[in-house]
Amino acid sequence: DAGVIQSPRHEVTEMGQEVTLRCKPISGHDYLFWYRQTMMRGLELLIYFNNNVPIDDSGMPEDRFSAKMPNASFSTLKIQPSEPRDSAVYFCASSFSRRGNEKLFFGSGTQLSVL
Amino acid sequence: GIQVEQSPPDLILQEGANSTLRCNFSDSVNNLQWFHQNPWGQLINLFYIPSGTKQNGRLSATTVATERYSLLYISSSQTTDSGVYFCAVVTGNQFYFGTGTSLTVIP
């Protein structure tokens, strides 16, 4: 398997623009997580899905953030409108829930810069 | 939520030295995992270790779940070991990450 695939690797946008980040989890994994990493706050969980259903979105900063998982192989994280304070590295990760096989695998991340 | 503390926060080693990183957690967990974030930002899963000891080359990890801690041992460190080491504990289906240990290995 190619691992967790994220796109784009880098995104530079202007304040107020819409940003869409994409993620393809490892085939067969039933959990998908979106994390944000900054120097100040470390790794923060934004939202996670189980079998394509959002389970906990309490980490989503505000209504400007939304996430979807229309099928088992694709998820998006959208920010609209974007603000400079959203600048961070956004990671997608996936895991398999069967006991003993719950290793978490991360994608390469999307470096987002909002000017 | 569960608290995860890692120590030391920063560590500088001469190449070839050994080190021990510690992860303490505040409650019972389903499992624990160690990650390495390399200088390019990539997060790599090193160990899935809910209890006991595992070894992978120069790295080994031990988790004592009853005492709520885990240790990551790095032997004969190399410059490629530099980066940040995170532990993450799992309770329910949630992963809780520590703040990491930043390791710099000097040639």
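Right above here is the structure, for reference.
All values derive from a computational prediction rather than experimental measurement.

> What should I look at first to understand the side chain of B:Ser70 in this one?
All names here are of chain B. Inspection of the secondary structure puts Ser-70 in strand S8 (residues 69-74). Of the residues examined, Ser-70 reaches a relative accessible area of 0% and is grouped as buried. Here the side chain of Ser-70 touches Trp-34 through a polar contact of 3.0 Å, side chain to side chain. Here the side chain of Ser-70 touches Thr-63 through a polar contact of 2.9 Å, side chain to side chain.

> How do you make sense of the sheet that holds strand S3 (residues 19-24) of chain A when you look at a structure like this?
In sheet architecture, strand pairing relies on hydrogen bonds along the backbone and comes in two forms, parallel and antiparallel. All names here are of chain A. Taken in spatial order, the four strands of this open sheet run S1-S3-S8-S7, and their pairing is antiparallel. Both outer strands of the open sheet, strand S1 (5-7) and strand S7 (65-71), are each paired with one neighbouring strand and no more. In this sheet, neighbouring strand axes are inclined to one another by 15 degrees on average, regardless of whether the strands run parallel or antiparallel. Direction of pairing for S3 relative to strand S8 (residues 74-79): antiparallel, over a ladder of five bridges.

> Just checking my understanding: could you explain the sheet that holds S8(B) for this structure?
All names here are of chain B. In spatial order, the strands read S1-S3-S8-S7-S6; together these five strands make up an open sheet with antiparallel pairing. The open sheet has two edge strands with one neighbour each: strand S1 (4-7) and strand S6 (52-56). Across the sheet, the mean angle separating the axes of adjacent strands is 15 degrees when strand polarity is ignored. Sheet analysis places S6 next to strand S7 (residues 59-64), joined by five bridges and oriented antiparallel. The residue of S7 that forms the bridge with Asn-56 is Leu-59.

> Would you mind going over the interface of chain B and chain A with me for this structure?
How big an interface is tends to be stated in terms of accessible area lost as the parts join. Chain B puts 14 residues into the contact, and the matching count from chain A is 17 residues. Carbon and sulfur atoms make up 56% of the surface buried where chain B meets chain A, a total of about 1,500 Å² over both sides. Summed over the three residues of chain B that lose the most area to chain A, namely B:Leu43, B:Tyr48 and B:Phe95, the buried surface amounts to 35% of that side. Inspection of the region where chain B meets chain A yields zero salt bridges. At the junction of chain B and chain A, the tally comes to six residue pairs in polar contact (both at pLDDT 80 or more). Elements with a minimum of two residues in the side of chain B that touches chain A: strand S4 (31-37), strand S5 (43-48) and strand S10 (94-97) of chain B. Ranked by residues supplied to the side of chain B that touches chain A, first place goes to S4(B) with four residues. Partitioned by chemical class, the residues of the side of chain B that touches chain A number six nonpolar, eight polar and no charged.

> What's the story with the pattern of salt bridges in this structure? I'm lost.
Within the structure shown, the criterion is met by nine salt bridges over all chains. A salt bridge links A:Glu83 to A:Arg85, with the nearest nitrogen and oxygen atoms 2.6 Å apart. Classification of A:Glu83 by relative accessible area gives partly exposed; the value is 24%. The salt bridge involving B:Arg58 is made with B:Asp81; its shortest N-O contact spans 2.8 Å. Separated by 23 residues along the polypeptide, B:Arg58 in the loop between S6 and S7 and B:Asp81 in the loop between S8 and strand S9 (83-91) bring together distant segments of the chain. Within this structure, A:Glu62, A:Arg64, A:Glu83, A:Arg85 and A:Asp86 form a network of salt bridges that share partners.

Reading the values: the criteria
- Residues numbered from 1 in each chain as written.
- Chains lettered and ligands numbered in written order.
- Predicted model: local features only at pLDDT ≥ 70, side-chain atom pairs only at ≥ 80, totals over all residues.
- Heavy atoms only, no water.
- Helix = DSSP H or I, 4+ residues; strand = E, 2+ residues; numbered from the N terminus.
- Buried < 20%, exposed > 50% of the residue type's maximum accessible area, 1.4 Å probe, protein only.
- Polar contact = N/O pair within 3.5 Å; in protein donor to acceptor, adjacent residues only side chain to side chain.
- Pairing = 2+ DSSP bridges.
- Axes fitted to C-alpha atoms, helices over the stretch in contact; angles between N-to-C directions.
- Contact = heavy atoms within 4.5 Å.
- Buried area = accessible area lost by both parts, 1.4 Å probe.
- Salt bridge = Lys/Arg side-chain N within 4 Å of Asp/Glu carboxyl O.
- Nonpolar A, V, L, I, M, F, W, Y, C, P; charged D, E, K, R; others polar.

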